[in-house]
Structures are given as structure tokens and as C-alpha cells.
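These are the residues of each chain, in order.
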Amino acid sequence: MKKILIPTDFSLKSCQTVDYIINLFKNENCEFYFLNTYRYEMTGLSAIEMLQADDEWFERPKEQSLKSLGKLVTNYTIKSNNIKHSFHAISENRNIVDGLKDNVDKIGIDIIVLTSKGLSTLGAKTENILEKVRSCPVLIVPPHATTCNGITLTVASDFQNKINTSEIERFIKALENTNTQIGILVLKEQSTLTEKAADNIETFLGYLKQFSCNSIGLEFLKPAYKLKDYASAHNDEIMCVVDNKPDLFRKIGIVKSKVISTLNKLNSNTVLTVHQ
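Cut-offs applied
- Just so you know, the residues in each chain are numbered from 1, in the order the chain's sequence is written.
- Under the rules for a predicted model, residues below a pLDDT of 70 receive no local features and side-chain atom pairs below 80 are neither given nor counted, while totals for whole chains, interfaces and linings still include all residues.
- Values reported for side chains reflect all heavy atoms of the structure, with hydrogen atoms and water molecules removed beforehand.
- Here a helix means four or more residues in a row that DSSP labels H or I, a strand means two or more in a row labelled E, and each is numbered from the N terminus.
- When accessible area is computed with a 1.4 Å probe and restricted to protein chains, residues below 20% of their type maximum are described as buried, those above 50% as exposed, and intermediate ones as partly exposed.
- The accessible surface values rely on the Shrake-Rupley method and a 1.4 Å probe; as for residues, cover is taken only from the protein chains in view.
- Should any heavy atoms of two residues lie within 4.5 Å, those residues are considered in contact.
- By the convention used here, strands pair only if DSSP detects at least 2 bridges between them.
- By definition, the crossover connecting two strands over a helix is right-handed if that path, from the first strand to the second, turns clockwise as seen with the strands pointing away from the viewer.
- Throughout this description, the term salt bridge denotes a Lys or Arg side-chain nitrogen within 4 Å of a carboxyl oxygen of Asp or Glu.
- What makes a nonpolar core is a set of buried Ala, Val, Leu, Ile, Met, Phe, Trp, Tyr and Cys residues whose side-chain atoms join them at distances within 4.5 Å.
- Two rings from Phe, Tyr or Trp (for Trp, the six-membered ring) form a pair when their centres are within 6.5 Å of each other. A pair whose planes differ by under 30 degrees is stacked, one over 60 is edge-to-face, and the rest are tilted.

Our next topic: the overall build of the protein chain. Looking only at helices and strands, the protein chain features ten helices and ten strands. The burial tally for the protein chain puts 45% of its 276 residues in the buried class. Carbon and sulfur atoms form 50% of the exposed surface of the protein chain, whose accessible area is close to 14500 Å².

Structural data, given as C-alpha cells:
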């Protein structure tokens, strides 16, 4: 049974993401967990006003969250008509990062699914989640994503380091009953490849072959051919990028992960982010 955690704000884009994920995993036994986190609006309130706030003021955000989650679970339980799927609600008064981290560990989540705005830059909230939630793969879904042409997972890397395969395996196994095409995009021109990178590619290719009865595609970035150009020409594929282990400067917030700039080039694609 695959367990998928989907934070939601009940917007149209968020519901489009749920539709996409349900279709993506239509052949799998899945538990979908809808997470809504809320905070109390204290802007402009004095300490005395806070003390005088009645129970209704505190209960209102919780009730609204639970009511909206109840509708979401009911709608998708009826709409999906898939005996392999079940839907669950989680409502919490906390920030989204803490809510995701704790529920990943508590429930044993296999994949987190985020909704992208489809813009040229990631939102601050998504960046914060990618920076701090590293215990499972994160799938970022743009508006109007579709699986109508089948599922292709393309792993993009310069292969200067060996790929940590555990999270990729987790995702591929979550689609074990689906005919998933797997490809590799090397973010280097073939003529400039180092011996170390070539060895890492060969090792990774051998690893991937156990998961696919089809041949594994292998492409190199052509001269003057940018990642964004490739993504635009393959926007129905799921691109997979690797977020390296944070160094000291990243941990203390001086620099951001390099994967953020990569993700900004893939705004039209569904992107799986895995962690080293």
C-alpha cells in the first residue's frame, strides 16, 4: 500500500494536482492523505484582545479546515470510483513544514506531492519545503499536468557524484503496476564527460535495468541546448532531479540549494526531487 501526502489549500490548482495524482496512481493500491495546516490571524491584535478572544475565535479556523477537508475526502471518495484508493484528512494548527515532516515519519509516507504555480520561479513556501523536508521524495505538479501519453521518468544529472538510488526506487516501485518508461538525461555534452561521470552513468544504467522491461533511454545535452529547451520539448515527462546533501553554508541559510535554479527551468514539467 503506497502512502501519498498532499498538502492542500482547497484552491482549483490544488484540486487539479489531486486529479493528476489519482490518475497517475490509478493502478496502485494507495492511501491519499490530504493535509491542511492553518494558523491564527493575530495581526493587529493586542495582548489584551488575545486574552479576551472567545472560544469561537479559536475554533473557527479549525472548523473551516475540517469542513473543507471533509468535503474533499467525500468528493474524491465518490469521484474516484477506485477500490484501490482511500482518502484521509489531516487538519493541524502549525506551519506546513513541520506538518509535512512529522506526518512523513508518523504515517510512513512514500511521496509528498506539491502544487506548482507554473511560474518561472518557485514560491517561497515550496523552496522552504524542499530545503527542510528531506526524508522522502517530493513530486511537484504544475497546473494542467497530464498523464494521457503514458508515464516517462527522466533522471537529469551531471553524474559527477553517484546517484543515491533509494528515493528513485521508492518512486518507481510506487508505480510498479504501470508501464513506466525510464530515461537518463546527462547534463553535459558527451565529449566533455569525465571518466568518473561515465562510470557513474554506467552503474546507474545497470541499476535501472532491473525496474524496466524496456530499454533505458540515454541522452546528452547537445551544444547550445539548454535544460529548459529540453523540458519544453518534453513537458509530458516527469523530470527527476537530485538535490545534493546540504553543506554548512546551506544549513545556516547563506546559500540556497542548486536544485532550486534547476527547478525554475522545469516549471512546465512535473518534477520529482530526490535527495542525496
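All right, on to the environment of Ala197 then. Its location among the elements puts Ala197 in helix H7 (residues 195-208). Residues Ala197 and Asp158, spaced 39 residues apart in sequence, show a C-alpha to C-alpha distance of 7.3 Å. In contact with Ala197, other than residues within four places in its own chain, are Asp158, Phe159 and Gln160.

Attention shifts here to the pairing of strand S2 (residues 30-38). Burial of S2 is extensive: eight of the nine residues sit out of reach of the surface. Bridge count for strand S1 (residues 2-7) against S2 is six bridges, and the pairing is parallel. Counted as the bridge partner of Lys2 is Cys30 from S2. Regarding the hand of the β-α-β motif, the stretch spanning S1, helix H1 (residues 12-24) and S2 is right-handed. Direction of pairing for S2 relative to strand S3 (residues 85-93): parallel, over a ladder of nine bridges. By the bridge assignment for S3, Leu35 is matched with Ile90.

Inspection of the secondary structure puts Thr180 in strand S7 (residues 180-186). The exposure class of Thr180 is buried, given its relative accessible area of 14%. In sequence terms Thr180 and Ser212 are 32 residues apart; their C-alpha atoms lie 7.5 Å from each other. For Thr180, the residues in contact, after removing those within four places along its chain, are Ile151, Leu153, Leu175 and Ser212.

On to the pattern of salt bridges. This structure, assessed with the given rule, holds six salt bridges. A salt bridge links Glu176 to Lys2, with the shortest nitrogen-to-oxygen separation between them at 3.3 Å. Linking Glu176 in the loop between helix H6 (166-174) and S7 with Lys2 in strand S1, this pair joins segments that are 174 residues apart in sequence. The exposed category is assigned to Glu176, whose relative accessible area is 52%.

Ranked by size, the top nonpolar core spans 46 residues in total, and within it Ile21, Phe25 and Leu139 carry the most contacts. When residues in this core are grouped by element, the largest group, six residues, is from H7. Residues in contact with Leu139, not counting those within four places in the same chain, are Ile21, Leu24, Ile111, Ile112, Val113, Leu114, Phe171, Ile238, Thr270, Val271 and Leu272.

The tally for this structure, following the rule as stated, stands at seven aromatic pairs. Ring geometry for Tyr76 and Phe87: centres 6.2 Å apart, planes at 35 degrees, overall tilted. Taken together, the residues span a long stretch of sequence, with Tyr76 in helix H3 (residues 55-80) and Phe87 in strand S3 at a distance of eleven residues. Tyr76 sits in the buried class, given a relative accessible area of 5%. Ring plane angle 50 degrees and centroid distance 5.8 Å describe the contact between Phe159 and Phe204, whose orientation is recorded as tilted.

For the rest of this paragraph, the subject is the side chain of His275. Looking at the element boundaries, His275 is found in strand S10 (residues 270-275). Judged by relative accessible area, which is 3%, His275 ranks as buried.

For the rest of this paragraph, the subject is the pairing of S10. The buried fraction of S10 amounts to six of the six residues, a majority that puts the element mostly inside the structure. The pairing of strand S5 (residues 138-141) with S10 spans three bridges and is classified as antiparallel. Bridge pairing in S10 places Val138 opposite Thr273. For strand S9 (residues 238-243) and S10, the ladder comprises six bridges, and the chain directions are parallel. Pairing of Met239 across the sheet is with Val271, part of S10.

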